[in-house]
Amino acid sequence: MAAGGLVERDRELTVLRDAMRAARHGEGRLIVIEGPPGIGKSALLGALLERAGPAGLRPLRGRGEPLEQRFAYG
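Below is a summary of the structure that appears in this document. (Residues numbered from 1 in each chain as written. Predicted model: local features only at pLDDT ≥ 70, side-chain atom pairs only at ≥ 80, totals over all residues. Heavy atoms only, no water.)

1. With respect to the overall build of the protein chain
We apply this condition: In this text, helices come from DSSP runs of H or I with a minimum length of four residues, and strands from runs of E with a minimum of two, each type numbered from the N-terminal end. For the exposure calls, accessible area comes from a 1.4 Å probe over protein chains only, and a residue counts as buried if that area is under 20% of its type's maximum, exposed if over 50%, partly exposed in between. The criterion used for residue contact is that any of the two residues' heavy atoms lie within 4.5 Å. In this tally Asp and Glu are treated as negative and Lys and Arg as positive; neither His nor the chain ends contributes. Charge positions come from single atoms, namely NZ of Lys, CZ of Arg, CG of Asp or CD of Glu.
Counting its secondary structure elements, the protein chain contains two helices and zero strands. Seen through its C-alpha atoms, the protein chain measures out along the principal axes to roughly 40 × 30 × 15 Å. The proportion of buried residues among the 74 residues of the protein chain is 15%. Taking as baseline every contact in the protein chain between residues at least 6 positions apart, the subset at least 24 positions apart corresponds to 52%. Across the protein chain, the 12 positively charged side chains and the 9 negatively charged ones have centroids separated by 4 Å.

In structure tokens:
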């Protein structure tokens, strides 16, 4: 079993670790995690957040609310 209880997510975790490593060196990345409900998107983000602090990064979080759906860039 992979770190954080994630199974068969080695490829995705490697992409996230590489993006984190690049961020530590001042190189930005954009990662899009998409999929149907229940596939483990939040679990992948949780695994990234667990590693960010010890890696010397300060994770920031944002969340869209239903009220914001009618506003562009809400």
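2. Side note on helix α1 (residues 10-24)
Definition in use: Between the first and last residue of a helix there are one fewer steps than residues, each counted as 1.5 Å, and that sum is the expected span.
Taking 1.5 Å of rise per residue, 15 residues should cover 21 Å, and α1 covers 21 Å from first to last C-alpha, within 8% of that figure. Of the residues making up α1, those classed as buried are Leu13, Leu16, Ala19, Met20 and Ala22. Where α1 is buried, its residues touch α2 (41-52). Phi turns positive one or two residues past the end of α1, at glycine 26, with a value near 80°.

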